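Architecture and fold: a report
Residue strings, one per chain:
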Amino acid sequence: MPTHDVVIVGAGLAGMRAALEVCKAGLDVAIVSKVHPSRSHSGAAQGGIAAALDNVGIAERNMPPAKISGENVDEKVTADTPVDWRTMEGKPAYEVKNDSPLLHWFDICKGGDYLVDQDAAELCAFLAPQLIYEYEHWGCAFSRLPDGRIAQREFGGHQAPRACYAADRTGHACLHALFEQVMKNAKKIKIYSEFLMLDLILRDGVCGGIVVYDLRTGQLDVIRAKATIFATGGYGRAFSVTTNAFASTGDGVAIAYRNGIPLEDMEFVQFHPTGLYRLGILLSEAARGEGAYLLNGKMERFMQRYAPTKMEKGPRDIVARAEQIEIMEGRGGGPNKDYVYLDFRPIGEKRIREALPQISELVRRFVNLDPFKEPVPIQPSAHYSMGGIPVNIKGEVVVDTQNEQKIIGFYAAGECSCMSVHGANRLGVNSLLEATVTGYLAGKSAVEFIQGGAPLPDLPPDATARADAELKAILNNDGGENCAALAKELKETMMEKCGVFRDEDNLKKCLAKIKDLQVRFRRVSISDKGKTFNTALQDAIELGHMLDFSEVIVVGALARKESRGGHARLEYFDMKTYENIRDDENFLKHTLGYKEDDGVRLAYKPVKIYKFKPEARKY
Ligand SMILES: Cc1cc2nc3c(=O)[nH]c(=O)nc-3n(C[C@H](O)[C@H](O)[C@H](O)COP(=O)(O)OP(=O)(O)OC[C@H]3O[C@@H](n4cnc5c(N)ncnc54)[C@H](O)[C@@H]3O)c2cc1C
């Protein structure tokens, strides 16, 4: 039975950044990943990673002047900050010129429809420049300006060109820079590659490690640790049209939930405006940042109606809704009028080749179209999970409505966590940043915890019992339900009834369907009973996870009787102005969903607002 100081589940940007922080302190750290580390979904990120480096001068910008509004709500209410992030490790704060961390911070709060915890967003915006330079010093192959500085491009909702990028393969560049650092420290960082985490070891509010299943041998084992960090990524795979990798099945989120930890703000799922029609494969927002147009079936630039100043560069939730309205009102393209177009031609061939090589290749390969010559069919696709495991700004998992009650030795980072940096809607390129920042913070906190004398918790006698029972139930079942068929039903239901727009009737039907699928899932049987790379078994386990957290998404969405950011209810949406009808009086609060025997119990916790006052969100 392996034992480490820290075990990290997930080898994306969050997991590997956390591992380096722990390794730096000389502690013994392990990374567990169900896919080879370099196949983590972070590597698929295209458009960029945000930081207010201010590398593009005002003269070269084609943007309206930046504005901050609603500042200084109540300076008396300050965040309980554990680190002075403005002077991290003695370095002076980043100098403010045309772009600044302050402006970045404001853009995040506004972009998140003010459901953002402002301390988390402040931390991200102010740590960003230093963490980007760290990637640079590790040799991350960022695209460059002619003078050699990191190039930056525009992204929706950011008031300055803030996205640092490596053509349209930014995630790949960052993930490999990190993986190289992990390899450099291979003697100190143990990697369990192709191990599937099945359970958390948690007793009396203290976490003592995880239960893992070795996909290569079918062996069940325990990995004990003084501190455990979840960095298991997002859960877009619960929807039929998604940009997410096959591994993004929300395992960490579901496993935390099953262990009594609430899930926060799960109803906020981001739909990316430009997934390839039906396939969901992402065509990065960078295309619009570089100047691509969105067209409806009549070849009109329809964003004129929805975000006249920002046009295609509006934030994702607004653009995805605009597309969906065009489709709902019969202005889509194709025989069923069920998609719109992304037109690359305004960018010009030379710049496409230079800045968007990967996505133009994806278009050619997957839909056999030439993006230099014709517009490409696209639709909103499930992309990012704003919600997740609740953590405070140290990355510690907190389970109550006051952010006070911690699970000892348990941390979460990256997309599976909810520090509420993004509130109700994430701005593009802020997620690679958030994964890096929260990974760094969780790693740092785990180190402090262990250096403060944390003991190795005793192992409960039945640590593997639940995981063992789960495996046996699936392997020995002959109930006759087919796993792939159930998964398809779940995904299609989530897409249709809990998608870009929701309403009470459809959400109720969606919930009834999930409950029915949960019952049928108990009869799921698989034909492969083998021990070596039993992908049928893995699929069934992942489906079980998706059925659990999908219920939390829907219950949260039903209870949230307003529209805010990525959560849009048709009953609370103005079809004349195309605006969300937000209800700050009743719903400016975070949802927490707890697992009970008969379903989800909801509770709410306050949003940390101390700098920017909530205002109407217009672009
Ligand atoms: C196509 C695409 C493009 C994107 N582009 C951008 C962009 O340009 N800019 C931006 O900021 N954001 C972008 N995002 C979002 C961003 O990439 C992710 O939010 C971020 O990379 C998540 O990082 P992570 O470390 O939390 O998780 P991931 O990189 O998803 O890694 C999850 C890890 O957890 C492991 N894991 C999960 N479950 C288990 C289990 N049960 N047992 C063992 N291991 C497990 C996996 O093996 C994997 O290593 C994009 C997302 C997608 C899908």
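Residues numbered from 1 in each chain as written. Predicted model: local features only at pLDDT ≥ 70, side-chain atom pairs only at ≥ 80, totals over all residues. Heavy atoms only, no water.

1. Section: the overall build of the protein
Regarding its fold elements, the protein presents 16 helices and 24 strands. Radius of gyration (C-alpha) of the protein: 23 Å, near the 25 Å computed for a compact globule of 619 residues. Along the three orthogonal principal directions, the C-alpha set of the protein runs to about 65 × 60 × 50 Å. Split into buried and exposed, the 619 residues of the protein put 63% on the buried side. Relative to all contacts within the protein whose residues are 6 or more apart in sequence, the contacts with residues 24 or more apart total 76%. Total accessible area computed for the protein in this model is approximately 22800 Å², and 50% of it derives from carbon and sulfur atoms. Measuring between centres, the 78 positive side-chain charges of the protein sit 3 Å from its 83 negative side-chain charges. (Helix = DSSP H or I, 4+ residues; strand = E, 2+ residues; numbered from the N terminus. Rg over C-alpha atoms; globule rule 2.2 N^0.38 Å. Buried < 20%, exposed > 50% of the residue type's maximum accessible area, 1.4 Å probe, protein only. Contact = heavy atoms within 4.5 Å. Areas by Shrake-Rupley, 256 points an atom, 1.4 Å probe, with all protein chains shown as cover. Lys, Arg positive; Asp, Glu negative; His and termini not counted. Charge placed at Lys NZ, Arg CZ, Asp CG, Glu CD.)

2. Here's the deal with the environment of leucine 475
Inspection of the secondary structure puts leucine 475 in helix H12 (residues 465-475). With near-sequence residues (within four places) excluded, leucine 475 lies in contact with Ile526, Asp528, Lys529, Asn534 and Leu537.

3. Regarding helix H15 (residues 535-559)
With 25 residues, H15 extends 36 Å from end C-alpha to end C-alpha; this agrees with the ideal 36 Å at 1.5 Å per step. The buried fraction of H15 is high, at 21 of 25 residues. Sitting at the head of H15, asparagine 534 places a side-chain oxygen 3.3 Å from the backbone nitrogen of alanine 536. (Expected span 1.5 Å × (residues − 1). Polar contact = N/O pair within 3.5 Å; in protein donor to acceptor, adjacent residues only side chain to side chain.)

4. Observations regarding the packing of H12 against H15
Two numbers describe how H12 lies on H15: the axes approach to 10 Å, and their chain directions differ by 115°. Crossing of H12 against H15: the hand is right-handed. Counting all contacts with H12, which are made through Glu470, Leu471, Ile474 and Leu475, the residues of H15 involved are Leu537, Ala540, Ile541 and His545. Considered class by class, the residues forming the contact of H12 with H15 number six nonpolar, one polar and one charged. (Axes fitted to C-alpha atoms, helices over the stretch in contact; angles between N-to-C directions. Left-handed = near helix turned anticlockwise from the far one by under 90°. Nonpolar A, V, L, I, M, F, W, Y, C, P; charged D, E, K, R; others polar.)

5. Structural notes on the site of the ligand
Residues in contact with the ligand amount to 38 residues; listed here are only the nearest, Ser40, His41, Ser42, Glu415 and Ser431. One nitrogen or oxygen atom from the main chain of glycine 47 is found 2.7 Å from an oxygen atom belonging to the ligand. Contact between the ligand and glycine 48: a nitrogen atom at 2.8 Å from a main-chain N or O atom of the residue. When the ligand is considered free in solution it has 1000 Å² of accessible area, and contact with the protein chains removes 98% of it. Those elements that provide at least two residues to the shell around the ligand are helix H1 (13-24), strand E2 (29-33), strand E7 (195-203), strand E14 (376-385) and helix H11 (430-451). With four residues, H11 is the single largest residue contributor to the shell around the ligand. Taken together, the residues of the shell around the ligand sort by class into 17 nonpolar, 17 polar and four charged. (Near = heavy atom within 4 Å.)

6. Topic: the pairing of strand E17 (residues 406-412)
In terms of burial, E17 is largely enclosed, as five of its seven residues are buried. Examined bridge by bridge, strand E9 (residues 220-230) and E17 share three bridges and lie parallel to one another. What sits directly across from phenylalanine 230, in E17, is alanine 412. (Pairing = 2+ DSSP bridges.)

7. Focus: helix H5 (residues 251-258)
Along H5, seven of the eight residues are buried, which leaves the element largely enclosed by surrounding structure. Those residues of H5 lying buried are Asp251, Gly252, Val253, Ala254, Ile255, Ala256 and Tyr257. Immediately beyond the C-terminal end of H5, within one or two residues, lies glycine 260, with a positive phi of roughly 90°.

8. A short note on the pattern of salt bridges
Two side chains carrying opposite charge are able to pair once their charged atoms lie near each other. Tallied over the full model, the rule gives 58 salt bridges. Between glutamate 134 and arginine 17 there is a salt bridge, with the nearest N and O atoms lying 2.9 Å from each other. With glutamate 134 in helix H3 (residues 118-137) and arginine 17 in helix H1, this pair connects stretches of sequence that are 117 residues apart. For arginine 17, a relative accessible area of 1% translates into the label buried. Linking aspartate 584 and arginine 564 is a salt bridge whose minimum nitrogen-to-oxygen distance equals 2.8 Å. In this pair, aspartate 584 sits in helix H16 (residues 584-587) while arginine 564 sits in the loop between H15 and strand E20 (568-569), placing the two residues 20 residues apart along the sequence. The buried category is assigned to arginine 564, whose relative accessible area is 0%. Here the residues in one salt-bridge network are Asp113, Glu267, Asp317, Arg321, Arg560, Glu562, Arg564, Arg582, Asp584 and Arg617, joined through shared partners. (Salt bridge = Lys/Arg side-chain N within 4 Å of Asp/Glu carboxyl O.)

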